[in-house]
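What the coordinates show
Next come the chains, spelled out residue by residue.
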Number of protein chains: 4
Amino acid sequence: MANSKYEYVKTFEQTTTLLPNTYIVVRVDGRGFHKFSTKHDFEKPNDRAALDLMNAAAAAVMKELPDISFAYGISDEFSFIFERSSRLFDRRESKILTTVVSTFTAYYLHLWSTFVPSKPLTPLLPSFDGRVVLYPSTQTMRDYMSWRQVDCHINNLYNTTFWALVQRGGMDVTKAEEKLKGTLAADKNEILFSQFGINYNNEPEIYRKGSIIFCDVSYPYHQEVPDPAALAVSKNSEVEISKTQKEKERKRRSKAEIVVQHTDIIKDDFWEQRPWLLCGDADR
Amino acid sequence: MANSKYEYVKTFEQTTTLLPNTYIVVRVDGRGFHKFSTKHDFEKPNDRAALDLMNAAAAAVMKELPDISFAYGISDEFSFIFERSSRLFDRRESKILTTVVSTFTAYYLHLWSTFVPSKPLTPLLPSFDGRVVLYPSTQTMRDYMSWRQVDCHINNLYNTTFWALVQRGGMDVTKAEEKLKGTLAADKNEILFSQFGINYNNEPEIYRKGSIIFCDVSYPYHQEVPDPAALAVSKNSEVEISKTQKEKERKRRSKAEIVVQHTDIIKDDFWEQRPWLLCGDADR
Amino acid sequence: MANSKYEYVKTFEQTTTLLPNTYIVVRVDGRGFHKFSTKHDFEKPNDRAALDLMNAAAAAVMKELPDISFAYGISDEFSFIFERSSRLFDRRESKILTTVVSTFTAYYLHLWSTFVPSKPLTPLLPSFDGRVVLYPSTQTMRDYMSWRQVDCHINNLYNTTFWALVQRGGMDVTKAEEKLKGTLAADKNEILFSQFGINYNNEPEIYRKGSIIFCDVSYPYHQEVPDPAALAVSKNSEVEISKTQKEKERKRRSKAEIVVQHTDIIKDDFWEQRPWLLCGDADR
Amino acid sequence: MANSKYEYVKTFEQTTTLLPNTYIVVRVDGRGFHKFSTKHDFEKPNDRAALDLMNAAAAAVMKELPDISFAYGISDEFSFIFERSSRLFDRRESKILTTVVSTFTAYYLHLWSTFVPSKPLTPLLPSFDGRVVLYPSTQTMRDYMSWRQVDCHINNLYNTTFWALVQRGGMDVTKAEEKLKGTLAADKNEILFSQFGINYNNEPEIYRKGSIIFCDVSYPYHQEVPDPAALAVSKNSEVEISKTQKEKERKRRSKAEIVVQHTDIIKDDFWEQRPWLLCGDADR
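Being a predicted model, the structure only gives us computed values, none of them experimental.

Calculation notes
Residues numbered from 1 in each chain as written. Chains lettered and ligands numbered in written order. Predicted model: local features only at pLDDT ≥ 70, side-chain atom pairs only at ≥ 80, totals over all residues. Heavy atoms only, no water. UniProt positions renumbered as here; feature names shortened; annotations may be inferred. Helix = DSSP H or I, 4+ residues; strand = E, 2+ residues; numbered from the N terminus. Buried < 20%, exposed > 50% of the residue type's maximum accessible area, 1.4 Å probe, protein only. Contact = heavy atoms within 4.5 Å. Least-squares fit on C-alpha atoms with pLDDT ≥ 70 in both. Buried area = accessible area lost by both parts, 1.4 Å probe. Salt bridge = Lys/Arg side-chain N within 4 Å of Asp/Glu carboxyl O. Polar contact = N/O pair within 3.5 Å; in protein donor to acceptor, adjacent residues only side chain to side chain. Nonpolar A, V, L, I, M, F, W, Y, C, P; charged D, E, K, R; others polar. Pairing = 2+ DSSP bridges. Expected span 1.5 Å × (residues − 1). Axes fitted to C-alpha atoms, helices over the stretch in contact; angles between N-to-C directions. Phe/Tyr/Trp six-rings, centres within 6.5 Å; stacked < 30°, edge-to-face > 60°. Lys NZ or Arg CZ within 6 Å of the ring centre and 35° of its normal. Left-handed = near helix turned anticlockwise from the far one by under 90°.

All right, on to the UniProt feature "binding site: GTP" (unreviewed entry) in chain A then. All names here are of chain A. Under the present numbering, the feature "binding site: GTP" (unreviewed entry) in UniProt falls on Asp 29, Gly 30, Arg 31, Gly 32, Phe 33, His 34, Ser 75 and Asp 76. The named residues occupy 48 residues along the chain; their greatest pairwise C-alpha distance, 12.6 Å, places them in one compact cluster. With respect to the helices and strands, Asp 29 occurs in strand β1 (residues 23-30). Residue class for Asp 29 comes out buried when judged on its relative accessible area of 17%. Excluding anything up to four places from it in sequence, Asp 29 contacts Asp 76, Glu 77, Ser 127, Phe 128 and Asp 129.

Now the structure itself:
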């Protein structure tokens, strides 16, 4: 039986291809995690095991998809940043997006019992939605990363103060909310310090800075990104060169260790010290 | 600390909204399932436990997302069809797509040990990609369903014959491939019958027809879809009416049982006997 | 000199293909026509020559693009509706959109001196922007048409009353605006009748109803759209049949006269009496 | 009469917003210009009046849309490049695309009689289609420009040789095509020189290089693009600064003369000597 009579329905498929030479960001978010975290008794304001599980799931995604240069996670969200020159799945949006979301979900479920052994999962199960955002320049991509880290700081300072008032100050949640309404960062720092003896800057970095995950390529790292002048000269043979470079780079990465750090990614230091993270940046 | 300096990066997000009044189909496909099924010793040509697991995961997705009218699965793929008038997530493509894919993945992982207790999962874990296709009319949507069921038939007849030759006929895979090259359905039926005494039509329906999943609403079902004449008269108050109808419908569904059947969905009978499956069809 | 070094830039082109089996509507709007009409002394509330020019330009577009079934114009806007089954330019959005807009603009400029001979054009020249909207069913497409005609009525009743107050009642524009603020249709009809002896229903239909343009195929028209029952039977040979039908239809249209009418397109009468306008409707 | 009943049809409009911080290129192409140029006796291989008309129409578009930084034209096509930071029409694709195409068409029609006074236009009228392409970096945008100029060279060398063979060598067109099949640039140069005494490099630059159009801002031009170090320091106040800068820039441009040049745009010289053309480049 030929299938030709119905095959015309394939013409209704519409494929979105992501603009070349842009940073692809896939951000994954927990669905209904407020409810989920309550049901599973997550510690407040931060549940270390749950964060470690997020990080482990993200690292697993990165191992399966080596075109991802780095990832940044806070709370129940994770952003995966693909190298600018990635041609994964011909840059088809749906394929890239769903592969990341599904792989992340699979490892989150699979690793749950390792990280949270005392609380078995029952439906409604944890799940994640996701979206793709493109950034056309290194500056805009870094500003995206900064945006997420600033959000981490704002939320964590608020949550730390809020739960201190509730858990240690005995305030009910409504009163705590009211007390914090309109307060500035300095006010919250002051509440923490004067009422609870907490110096916010001594709180664990994983809570204050979030988690950045990347491949720690073996040193010494030779800066292989050609400077603009060299680029201009070598244009004719560029395509061949960069292919070889990328192959080398890929092999090096596959041997490299995936590391998780909790550090400032807003200032230039982080990026200047890890030049391979932006190695696709001089690409056309 | 205000976040305004970096918030401009949010303007790079681009949202695709799915055209209203069209059937939304989300098709989920196993990633690398050829390798995965080999690694986990799936029975050939069909592994009943694996199919039952797919169906259980799909049914769980339908329970969480009641805007899905029905779903159809074969092998490692599942198609979810939303009712034409669905406004789920304001019809944002990424949100709908990733929610289905992630929820399906979560239940597949979670239910694995129930359906396949003897084979523990280890990385690489199973995962799924997905895509969205829109069908603007009932006829095109039904042709999509027919396309998948014809594919099920073509693939299953081939696989049944191929594995009979290999498993019972002692042929090696290359020879079996060669023997089947260019054969018609009649040829394969003949091989099955004369060499192995298999009447293909007696093979289990789940393998020959695939699985259709839907809510079996409690009978008697009152056909509430207005006929065109009535529609013309009642246009002015249609919006209000349909809202109430939909609410009722939703409640009825939530009480209804989700059933899995293995039956012909190409002919009209299936659809005519379950009018509620196309109940959004008379919508504008 | 080979061009291969730079040809990679072609991969940045992204093509949007319009969903098959939907009505394509291209709506063209005058850019800055408030200013343009003032500069060229258009008569208020309606300039007959300018409307006739719009209609002539639209008819010229339809002659060049026979996949357009009909078009509807009011004021400085025109909507072109393509038959549902059109495959023009493989349904590439940009190509369809810009071809309509450019052809319309060209004829508007070219025919200006014929319709408005006393007022030569000087920069800023008239120009038009455009957009594409898809409607997946005949009902939604007809509701679009109704929406435009209701808008025509609302705007024309307002404008007719407003300019009567100003031109014949000697009111200044601010006072006229204030007087009409919050008034209902009945109030405006009353003002027109009691103060100026104008029965709005006797105003020219071109102002009250707008202009619908279509091919008047030679009678008797044989309804060739198969009824659903016939369709079900003939499915197998449908593609071939419809190709021949369409070819015939195309030839008939090319001989047919393009007519401009000013009539009600909200009620069913208009469509029932011209069945060929929706002839692609039974298509899948 | 309220219009609310039908207004739901507006929800079917889908707006594509162009990714921020990318170069927007709108390329306009003559529709059926092979036929059109034959009908209107364009000189071969190049019709100077027709090219001047193209340039005049393009310059008029640039005057109406000051967000266009420069434009490049060859034969019957023109590419308009918007500054990277442009927010024209909120970067709505259809609006930008159709405005350029319609304005270009309007001026082409309007100026025809000035540039080609001896050949009155009659239907089929000239018209243009268009498309939008985004380039995320200065290098990719410049490679696009280079691609078009290399194309200009390849086509013009071929056409010059072809028409020399036909017009001066008395060859028929089929023979001339055959003779040129598979020839390299050197071969064509040799044919031109040895058979017709033509040194290709002495051909008019407008034919060999195409036409680049831009605003010649009044010298001395102060490079206002901040260097990266300055940018890093001034980030906080950047938005305000750049607004003022842009306003100044805009005023300067509005006084500036639009110039047409026929020069090499592949090498760096052109761009280095006109730094204002890429002035939006340091933007995020």
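Between chain A and chain B, which share one sequence, the superposing operator has a rotation angle of 180° and an axial displacement of 0.0 Å; the RMSD is 0.0 Å. In symmetry terms, the pair is related by a two-fold rotation axis. When each C-alpha of chain A is compared by its distance to the rotation axis, A:Ser102 comes out closest, at 2.6 Å.

A separate point is the interface of chain D and chain C. Between chain D and chain C, the residue contacts involve 54 residues of the former and 54 residues of the latter. For the pair chain D and chain C, the summed buried area comes to about 4,700 Å², and 61% of that belongs to carbon and sulfur atoms. The tally of links from chain D across to chain C stands at six salt bridges. A salt bridge links D:Asp129 to C:Lys95; the nearest nitrogen and oxygen atoms lie 2.6 Å apart. At the boundary of chain D with chain C, the tally comes to 16 residue pairs in polar contact (both at pLDDT 80 or more). If you list the elements that add at least two residues to the side of chain D that touches chain C, you get α1 (4-7), α4 (93-115), β4 (128-135) and α5 (138-168) of chain D. Across the side of chain D that touches chain C, the residue classes break down as 28 nonpolar, 15 polar and eleven charged.

This part takes up the relation of the copies chain D and chain C. Mapping chain D onto chain C calls for a rotation angle of 180° and an axial translation of 0.0 Å; the resulting RMSD is 0.0 Å. The fraction of interface residues of chain D whose copies in chain C are also interface residues reaches 100%, indicating that both copies meet through the same surface.

Take the pairing of strand β3 (residues 77-82) of chain B next. All names here are of chain B. Across the six residues of β3, six count as buried, placing the element largely inside the fold. Burial of the side chains of β3 extends over both faces: Glu 77, Ser 79 and Ile 81 are buried on one face and Phe 78, Phe 80 and Phe 82 on the other. By the bridge criterion, five bridges tie strand β1 (residues 23-30) to β3 in an arrangement that is antiparallel. Bridging from a neighbouring strand, Val 25 pairs with Ile 81 of β3.

This part covers the UniProt feature "binding site: Mg(2+) 2" (unreviewed entry) in chain A. In the numbering used here, UniProt assigns the feature "binding site: Mg(2+) 2" (unreviewed entry) to A:Asp29 and A:Asp76. Examined against the element boundaries, A:Asp76 turns out to sit in the loop between β2 (68-74) and β3 (77-82).

Residue and element names in this part refer to chain C. Taking 1.5 Å as the rise per residue, helix α2 (residues 48-64) with 17 residues should run 24 Å; its terminal C-alpha atoms sit 25 Å apart, in good agreement. The element α2 is largely enclosed, with a buried count of twelve among its 17 residues. Regarding α2, the residues found buried are Ala 50, Leu 51, Leu 53, Met 54, Asn 55, Ala 56, Ala 57, Ala 58, Ala 59, Ala 60, Val 61 and Met 62. Where α2 begins, one side-chain oxygen reaches toward the backbone nitrogen of Ala 49, 3.2 Å away; that side chain belongs to Asp 47.

Turning our eyes to something else, we now look at the interface of chain A and chain B. Taken together, the contacts link 54 residues of chain A with 54 residues of chain B. Of the roughly 4,700 Å² buried at the junction of chain A and chain B (both faces included), carbon and sulfur atoms supply 61%. For the interface between chain A and chain B, the tally reads six salt bridges. When the shortest N-O distance is used, the salt bridge between B:Glu13 and A:Arg27 registers 3.2 Å. One can count 16 residue pairs in polar contact (both at pLDDT 80 or more) joining chain A with chain B. Residue assignment for the side of chain A that touches chain B shows that the elements contributing at least two residues are α1 (4-7), α4 (93-115), β4 (128-135) and α5 (138-168) of chain A. Looking at side-chain class alone, the side of chain A that touches chain B contains 28 nonpolar, 15 polar and eleven charged residues.

Quick look at the sheet that holds strand β5 (residues 211-216) of chain B now. Residues and elements named next belong to chain B. Spatially, the six strands line up as an open sheet ordered β4-β1-β3-β2-β5-β6, and their pairing is antiparallel. At either margin of the open sheet sits one strand with a lone partner, and together these are β4 (128-135) and β6 (257-261). Sheet twist, expressed as the average angle between the axes of neighbouring strands with direction ignored, equals 20°. Packed on one face of the sheet, helix α2 (residues 48-64) meets β2 (68-74), β3, β4, β5 and β6 and runs near 20° to β3.

Moving on: the packing of aromatic side chains. Going through the model one piece at a time under the given rule, you end up with 88 aromatic pairs over all chains. Taking 5.0 Å as the distance between ring centres and 85° as the angle between the ring planes, the aromatic pair formed by C:Phe270 and C:Trp271 counts as edge-to-face. This pair shows no difference in class: C:Phe270 is buried, exactly as C:Trp271 is. The rings of A:Phe33, A:Phe36, A:Phe42, A:Phe78, A:Phe80, A:Phe104, A:Tyr108, A:Trp112 and A:Phe128 are connected pair by pair, giving a single aromatic cluster. The lysine or arginine in question, C:Lys95, covers the ring of C:Phe89, its NZ or CZ lying 5.2 Å from the ring centre.

Helix-helix packing: each pair is described by the crossing angle between the helix axes and the interaxial distance. Residues and elements named next belong to chain D. One can describe the packing of α5 onto helix α7 (residues 185-196) by two numbers: an axis separation of 10 Å at closest approach and a directional angle of 35°. In this structure, the crossing between α5 and α7 has a hand that is left-handed. The segment α5 lies against α7, with Leu 157, Tyr 158, Thr 160, Thr 161, Ala 164, Leu 165 and Arg 168 engaging Ala 185, Lys 188, Asn 189, Ile 191, Leu 192, Gln 195 and Phe 196. Classifying every residue of the contact of α5 with α7 gives eight nonpolar, four polar and two charged.

Moving on, we get to the environment of A:Lys188. Residue and element names in this part refer to chain A. Here Lys 188 lies in helix α7 (residues 185-196). The spatial distance from the C-alpha of Lys 188 to the C-alpha of Pro 126 is 32 Å, given a sequence separation of 62 residues. Excluding residues that lie within four positions of it along the chain, Lys 188 makes contacts with Leu 157, Tyr 158, Thr 161, Leu 180 and Thr 183. Only 3.2 Å separates the side chain of Lys 188 from the backbone oxygen of Thr 183, close enough to count as a polar contact.

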